[in-house]
Amino acid sequence: MNKSGFIARRYLFSRKHISLISTLTFISITGITIGTALLIVVLSVFNGFFDVIKNFLLSYDPDVRIEASGASTFAQNEKMMEQIRSLPEVRIISPYVEGKALLAMEGVQNEVVDVKGVERDVFFQLVDIENSVTTGVFDVSVRERTPGIILHEELKNRLRINLGDDLALLSAAGMKNALTQITVPQTYRFDLRGAYYLQQIAGGPKVFVDIEAAKRLFKVRNEISGLDIKLTDNEKAEAVKSRLTELLGPDYKISTWYDLQKPLYDVMYLEKWGSFVVLILIVIVAVLNIIGSLTMIVIQKQRDIGILMSMGFSKAGIKSIFRKQGLYIGLIGCGIGGSLGLLITWLQMKFGLVKLSSAFIIDAYPVQINPLDIVLILVVSLLLSVLASWYPAHRAAQIQPADAVRFE
């Protein structure tokens, strides 16, 4: 095996003359280098964008959410809470009530908004929204018999509402009762205490009120819409989901942070691996050059191959020579390309060399190196290089020693 390796290196990297074979070999190595480096850089950029979007969404979304599977609300009971708290990964449990309501104010156009009722102190532990308050304070408590309400800054500015204004909310349930019972629709008054701003990537802005006020608004009494759960590590969300499904049974729908924004995350993964398939074509083109260069070596070195076989080299030994040539080309291309790709990625991560538009949520292209992606890229590129040597190796093994020496 050492002899076959020596011969393989000699055939590939002989300095006696520069021929078409050595040119094709150089092109093959260059192609694998470029393809491998591009794959590492592009997949790292996709990983970076995925991480940015995930962090933005998790600044509002919980790690795990529990909802009723067949209804809009369910009764909160102590047994359920104890079952959830028994899991060591669970850090915060925040109940909420949500629904759509009509926001009305004298002199302002009515607008349908998404209302979410929360327990203020627990919600602050779940979502870092207090630092996002732009006007006033995040206070939904009852003052002078009037609960507070918090709007998104964009909604506040669009409707030209000021702090201290008296707002009214009318739920769909209230409208239904008014129509069926022929009564005046019951509205609930709220005092605008503050406004917040969170970057919206998916979904519309929420209007926040106290959870008890939301229960009265949506007429759900002692029921809630769901439970938002924060974990010690969001990567354990799937495992916690499985445990909760066993504990709570089929009456509850349990979603992880990935499930809550599944279409968006799925599209990002599709784009990432679609790019992988497109860029691997660069490596495949380089692999075709490997086939050509090794086939030409077989043709040029027929006499040498015949002599080696007459000296006792087996067909397997001859095949090994050319397979090792494909391996060496792959190793060199993957080594240089992998190092170059990691270097470019590190420079972008450290110094942010390639900038983004000032209108974007970050100032430079985000990158994140995933070791599994790097291993996959290098293994696939190297495997393709070795596979490319199969045909030339097979052809070299079919050469008859006597004919090769005679016709040479």
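From a predicted model like this one, the values you see are computed outputs, not experimental measurements.

The helix and strand inventory of the chain stands at 15 helices and 13 strands. A burial count over the chain gives 46% of its 408 residues as buried. Sequence-distant contacts, at least 24 apart, represent 79% of the contacts inside the chain between residues at least 6 apart.

Taken as a whole, the second largest pocket encloses approximately 350 Å³ of empty space. As for the second largest pocket, its lining consists of 15 residues, and the residues nearest its centre are N47, F50, Y269, Q368 and N370. At the level of secondary structure, the elements contributing two or more residues to the lining of the second largest pocket comprise α2 (20–58), α9 (257–260) and α10 (262–300). Looking at the lining of the second largest pocket, the element that brings in the most residues is α2, giving 5 residues. Looking at side-chain class alone, the lining of the second largest pocket contains 8 nonpolar, 3 polar and 4 charged residues.

Here the focus is the side chain of K230. In this fold, K230 is placed in strand β12 (residues 226–231). For K230, the side chain forms a polar contact with the main-chain oxygen of L58, separated by 3.4 Å. In contact with K230, not counting residues within four places along its chain, are L58, D61, D63, E89, V90, R91, I92 and L126.

Nonpolar side chains collect at one region of the surface, where L340, L343, I344, W346, F351, L353, V354 and Y365 lie side by side and expose about 770 Å² of accessible area between them. Mapped onto the secondary structure, Y365 falls in the loop between α12 (315–351) and α13 (371–388). According to the relative accessible area criterion, Y365 is partly exposed, its value standing at 34%.

Another point: unusual backbone geometry. We note that E144 has phi near 50°; this positive angle belongs to a residue other than glycine. Positionally, E144 belongs in the loop between β6 (142–143) and β7 (146–152). Non-glycine residue R221 carries a positive phi angle of around 55°. The residue R221 is located in the loop between α7 (211–218) and β11 (223–224) in this model.

Across the interface, α10 lies against α13 with an axial gap of 9 Å and an inter-helix angle of 30°. Classified by the interaxial angle, the pair formed by α10 and α13 is roughly parallel. Judged by the sense of rotation from one axis to the other, the crossing of α10 with α13 is right-handed. Contacts between α10 and α13 involve K272, W273, F276, I280, V283, I284, V287, I290 and I291 on the former and, on the latter, D373, L376, I377, V380, S381, L384, S385 and A388. Class assignment of the residues belonging to the contact of α10 with α13 gives a composition of 13 nonpolar, 2 polar and 2 charged.

Turning next to the environment of Q76. Mapping Q76 onto the fold places it in the loop between β2 (74–75) and α3 (78–85). C-alpha of Q76 to C-alpha of G226: the two residues are 150 residues apart in sequence and 8.8 Å apart in space. If we skip the residues at most four places from it in the chain, Q76 touches M81, P95, N222 and I224.

Moving on, we get to the side chain of K116. By the element assignment, K116 lies in strand β4 (residues 108–118). The buried category is assigned to K116, whose relative accessible area is 1%. A polar contact is formed between the side chain of K116 and the side chain of D228, at a distance of 3.1 Å.

The final tally for this structure, using the stated rule, is 18 salt bridges. For K100, the salt bridge identified is with D114, shortest N-O distance 2.6 Å. Residue K100 is found in strand β3 (residues 90–105), and its partner D114 is found in strand β4; the two are separated by 14 residues along the sequence. Close ionic contact of D228 with K116 constitutes a salt bridge, the shortest N to O distance being 3.1 Å.

Evaluated as defined, the whole model comprises 16 aromatic pairs. With 5.9 Å between their ring centres and 65° between their planes, W257 and Y258 make a pair best called edge-to-face. Just as W257 is buried, Y258 falls in that class too. Through pairs of rings, three or more aromatic residues link up here, namely Y60, F123, F124, F138, Y196 and F208.

With that out of the way, let us pick up the pairing of β4. Pairing between β3 and β4: 9 bridges, direction antiparallel. Paired with L103 across the two strands is E111, which belongs to β4. Looking at chain direction, β4 and strand β10 (residues 206–210) are connected through 5 bridges and run parallel. Bridge assignment links V115 to a residue of β10, and that residue is V207.

Calculation notes
- Residues numbered from 1 in each chain as written.
- Predicted model: local features only at pLDDT ≥ 70, side-chain atom pairs only at ≥ 80, totals over all residues.
- Heavy atoms only, no water.
- Helix = DSSP H or I, 4+ residues; strand = E, 2+ residues; numbered from the N terminus.
- Buried < 20%, exposed > 50% of the residue type's maximum accessible area, 1.4 Å probe, protein only.
- Contact = heavy atoms within 4.5 Å.
- 1 Å grid on protein atoms, 1.4 Å probe; cavity = no way out; pocket = protein on both sides within 12 Å on 5 of 7 lines; lining within 4 Å.
- Points joined across faces, edges and corners; volume = space filled by probe spheres on them.
- Nonpolar A, V, L, I, M, F, W, Y, C, P; charged D, E, K, R; others polar.
- Polar contact = N/O pair within 3.5 Å; in protein donor to acceptor, adjacent residues only side chain to side chain.
- Patch = residues over 30% accessible without salt bridge, like charges linked within 9 Å, V, L, I, M, F, W, Y side chains within 5 Å.
- Areas by Shrake-Rupley, 256 points an atom, 1.4 Å probe, with all protein chains shown as cover.
- Salt bridge = Lys/Arg side-chain N within 4 Å of Asp/Glu carboxyl O.
- Axes fitted to C-alpha atoms, helices over the stretch in contact; angles between N-to-C directions.
- Parallel < 35°, antiparallel > 145°, perpendicular 65-115°, else oblique.
- Left-handed = near helix turned anticlockwise from the far one by under 90°.
- Phe/Tyr/Trp six-rings, centres within 6.5 Å; stacked < 30°, edge-to-face > 60°.
- Pairing = 2+ DSSP bridges.

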